[in-house]
Amino acid sequence: MTLAQLFDLAFGNIGRFFKEIAFKKEERGKLSYGLVGTLILVLTYGLIMLFSASYSTGYYRFKGDIYHFIRPQVILAVVGLVLMYLISNINYRSLRHMNWYLYILTLLLLVWALFSEPYNGCYRWVYMFGTTLQPSELAKFSAILGLACFADRYYEKRGTLLYGIVLPVLPLLPVVVLLYKEPHNSAIMLILLIAGSMILCGGVGRFWCIPAAGAAAFVIYKMLTGQNNYVQQRLGAWNGDEGDILYQTQQSLYSIASGGLTGLGIGNSRQKHLWLPEASNDFIFSVLCEELGFIGAVICMGLFAALIIQGVIIALNSPDYFGTMLGIGIMSQIAWQAMIHIAVVTNVAPNTGISLPFFSSGGTSLLILLCEMGIILSISRAGNAQNAARSKRSHEELARRIRKMKEQGTHLCCSIGFLTEKQARMLREAGLDRINHNLNSSRSYYHNICSTHTFEQRVQNIRMLQGIGFEICSGGIIGMGESKEDVVDMLLELREIQPEALPINFLLPIKGTPLGDADISML
């Protein structure tokens, strides 16, 4: 290998990253404001619950400072939102060039953590610049980015065992080993679940999924149960092999049971007053259940479901496979983390320390999560731009065809059932000026099961079309299930819209009358 090749290997991707970092004008679409709104709701909900769950611990353990936990969390939330917006303007494809740099940085930080000062017997934090950093949070995103890059590069070979499972997982082994030495079992489990989700969604051959998942589950079980008595105690307590469940889980269940349907009220939790360990982090959902009850818990889970579904839709709408895999990985992290946290605090799963995204105390986690959401928004920009370009091409082709047909002397009259104002203006700009509006609706029970829009909504639709400049050339109505009086009323209303030129078609029989000439003559 020449010196130039070594230099390119070491630094070339940095140049490629900055070269590709900006969106081209035609590739930069609108933000998905629905996702932004849902995220703001989740984040606000989380900050309120964090303050409520943490002020008691802050007061008793940090010299009366009730803002000890919430203060840095709010600051990092604001910083994270700014970073999220900035990252949303960056072309997510440029991240492919930073994959190996991020991977090496993650390994260095994980090694550094092993030589840092322990906390509760664990080496999970790096101390720098007067603050702490948890490398395992960076390791999650590093794993997501690495798997997305590999899946994109070897897309055609993804159905084989070697390229579908073995090679993508190999770079994760050093990360898993270092996390095992910390120890940080919940991070290991989460990274492997994310990897499994991405591999499965990436299209690996189904034949290899079950044996690979079984082998991974066996290795994880042996690794955890053979680690120390602490892990075995937790697993044994959950399995019922020991007399009582662990103290943390017991207090968590007390907290959830106290909440009932509507909860004790925000700020009124009793268990958070030093009864429930890690109330501001690993068991914050328990405090939420106690203070806001079953209703508050359902709202929380509903917001997470909405956030995850929107994120997955954005990922599937990505212009390329890399964006899809990157988005799936990020949303699977949030999904798995939220599900495991809720499962632990409700004793559905063994007790393991895992935070609730956007809720639990932890600056590193919150900052990285918001940056990841910025990547999701970047993917949404690219997807929205592609959809807008496709729609524009479709509109231009439609306008071209309409102009061509009008030049040939063809009289056009579009037959439709319902048009939005945007669709109507597009057709008007394309040169169409006459519409056959098929009302085909009723006010009866029949309408509720067979029609999308009510009669009144369709009448309003006709008025909107007339306002834009369309000529209504014909119309129709279904009389199934209507009384005579209702049909007469609808006829009069239709005649007000188009007094002479709106033909009306009936579908008989009319409710409550025999089928015959008398009915029609009455109308």
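Structural data are supplied above this passage.
Now for a look at the structure at hand. (Residues numbered from 1 in each chain as written. Predicted model: local features only at pLDDT ≥ 70, side-chain atom pairs only at ≥ 80, totals over all residues. Heavy atoms only, no water.)

What to know about the overall build of the protein chain
Note the following rule: Each helix corresponds to a stretch of at least 4 residues labelled H or I by DSSP, and each strand to a stretch of at least 2 residues labelled E; elements are numbered beginning at the N terminus. Think of it in three bands: with a 1.4 Å probe and only protein chains considered, a residue is buried below 20% of the maximum accessible area for its type, exposed above 50%, and partly exposed in between. Residues are treated as being in contact if the distance between any of their heavy atoms lies within 4.5 Å. Residue-level accessible areas treat just the shown protein chains as cover; the underlying method is Shrake-Rupley with a 1.4 Å probe.
Secondary structure assignment for the protein chain yields 19 helices and five strands. The buried share of the protein chain, taken over its 523 residues, is 46%. A separation of at least 24 residues holds for 74% of the contacts in the protein chain among residues at least 6 apart in sequence. Accessible area of the protein chain: about 26600 Å², with a carbon and sulfur share of 63%.

Focus on the nonpolar core
Under the convention used in this document: In plain words, nonpolar cores are sets of buried Ala, Val, Leu, Ile, Met, Phe, Trp, Tyr and Cys residues tied together by side-chain atoms within 4.5 Å.
Phe285, Phe304, Leu326, Phe358 and Phe359 are the most contacted members of the largest nonpolar core, which totals 88 residues. With 14 residues, the single largest contributor to this core is helix α13 (residues 321-345). For Phe285, the contacting residues outside a window of four places in its chain are Ala297, Cys300, Met301, His341, Ile342, Val345 and Leu356. One finds Ile402, Leu427, Ile468 and Phe470 within the second-largest nonpolar core, a separate group that totals 15 residues.

Remarks on a nonpolar patch on the surface
Filter applied, for reference: Here the term patch refers to residues with relative accessible area over 30% and no salt bridge, with like charges joined within 9 Å and nonpolar side chains (Val, Leu, Ile, Met, Phe, Trp, Tyr) within 5 Å. The rule for a salt bridge is simple: a side-chain nitrogen of Lys or Arg has to be within 4 Å of a carboxyl oxygen of Asp or Glu.
A cluster of nonpolar side chains, Val74, Ile75, Val78, Val79, Val82, Leu83, Tyr85 and Leu86, forms an exposed patch at the surface whose accessible area comes to about 670 Å². Along the chain, Val79 turns up in helix α3 (residues 70-88). Since its relative accessible area comes to 38%, Val79 is described here as partly exposed.

Quick word on the environment of Ile266
Tracing the chain through its elements places Ile266 in the loop between α11 (247-259) and α12 (284-316). With 217 residues separating them along the chain, Ile266 and Met49 place their C-alpha atoms 8.1 Å apart. Here Ile266 is in contact with Ile48, Met49, Ser52, Glu291 and Leu292, once residues within four sequence places are set aside.

A look at the side chain of Lys272
Our working rule: Under this definition, polar contacts are N or O atom pairs within 3.5 Å; protein pairs additionally need one hydrogen-donor-capable and one acceptor-capable atom, and for neighbouring residues in sequence, both atoms have to be side-chain atoms.
Mapped onto the elements of the fold, Lys272 is located in the loop between α11 and α12. Within the structure, Lys272 has its side chain in polar contact with the backbone oxygen of Ser52 (distance 2.6 Å). Every residue in contact with Lys272, bar those within four places of it in the chain, is listed here: Ser52, Ala53, Tyr55, Ser56, Thr57, Gly267, Ala279, Val287 and Glu291.

Structural notes on helix α4 (residues 99-114)
Selection rule: Here the expected span of a helix is defined as 1.5 Å times the quantity of residues minus one. What the arc covers is the set of directions going from the helix axis to the C-beta atoms.
The terminal C-alpha atoms of α4 lie 23 Å apart, and with 16 residues this matches the ideal 22 Å at 1.5 Å per residue to within 8%. Looking only at α4, the buried set comprises Asn99, Leu102, Tyr103, Thr106, Leu107, Leu109, Leu110 and Ala113. Down the axis, α4 shows its buried residues gathered within 165 degrees of arc, on one side only. In α4, the exposed residues that point more than 90 degrees away from the buried face are Trp100 and Leu108. For α4, the elements touching its buried residues are β1 (126-128), β2 (131-133), α5 (135-153) and α7 (172-181).

Things to note about the packing of α5 against α13
Stated precisely, the cut-off is as follows: An axis is simply a line fitted to the C-alpha atoms; with a helix, the fit covers only the stretch in contact. Between two such axes, the angle follows the N-to-C directions and lies from 0 to 180 degrees. For classification, angles of less than 35 degrees are called roughly parallel, those exceeding 145 degrees roughly antiparallel, those between 65 and 115 degrees roughly perpendicular, and all remaining angles oblique. With the far helix as reference, a near helix turned anticlockwise by less than a right angle produces a left-handed crossing, and one turned clockwise produces a right-handed crossing. Think of it as three bins: nonpolar holds Ala, Val, Leu, Ile, Met, Phe, Trp, Tyr, Cys and Pro, charged holds Asp, Glu, Lys and Arg, and polar takes everything else, Gly as well.
Axis separation between α5 and α13 bottoms out at 8 Å; the angle between their running directions is 150 degrees. Between α5 and α13, the angle falls in the class roughly antiparallel. Crossing geometry of α5 relative to α13 is assigned as right-handed. Residues Lys140, Phe141, Ile144, Leu145, Ala148, Cys149, Ala151 and Asp152 of α5 form the contact with α13, whose participating residues are Tyr321, Phe322, Met325, Leu326, Gly329, Ile330, Gln333 and Gln337. Here the contact of α5 with α13 is built from residues that sort into eleven nonpolar, three polar and two charged.

Brief notes about the packing of aromatic side chains
Spelled out, the test is: Two aromatic rings from Phe, Tyr or Trp, using only the six-membered ring of Trp, form a pair when their centres are within 6.5 Å; if the ring planes differ by under 30 degrees the pair is stacked, by over 60 it is edge-to-face, and anything between is tilted. To sit over a ring, a charge needs its Lys NZ or Arg CZ within 6 Å of the ring centre and within 35 degrees of the ring normal.
Scanning the entire structure with this criterion turns up 13 aromatic pairs. Their ring planes at 75 degrees and their centres at 5.1 Å tell us that Phe17 and Phe18 sit as a pair that is edge-to-face. On the basis of relative accessible area, Phe18 is assigned to the exposed category, the value being 55%. Plain terms: the ring middles of Tyr59 and Tyr60 are 5.4 Å apart, the flat faces sit at 85 degrees to each other, and that makes the pair edge-to-face. Relative accessible area serves as the criterion here: at 48%, Tyr59 is assigned to the partly exposed category. Judged by its relative accessible area of 51%, Tyr60 falls in the exposed class. When the ring centre of Phe322 is taken as origin, the NZ or CZ atom of Arg96, which lies over that ring, is 5.4 Å away.

A few points about the environment of Gly37
By the element assignment, Gly37 lies in helix α2 (residues 33-61). Relative accessible area serves as the criterion here: at 31%, Gly37 is assigned to the partly exposed category.

Side note on the pattern of salt bridges
One pass over the full model with this rule turns up six salt bridges. Salt-bridge contacts for Arg96 lead to Asp152; the nearest nitrogen and oxygen are separated by 3.6 Å. Taken together, the positions of Arg96 in the loop between α3 and α4 and Asp152 in helix α5 put the pair 56 residues apart, joining distant regions of the chain. The partly exposed category is assigned to Arg96, whose relative accessible area is 31%.

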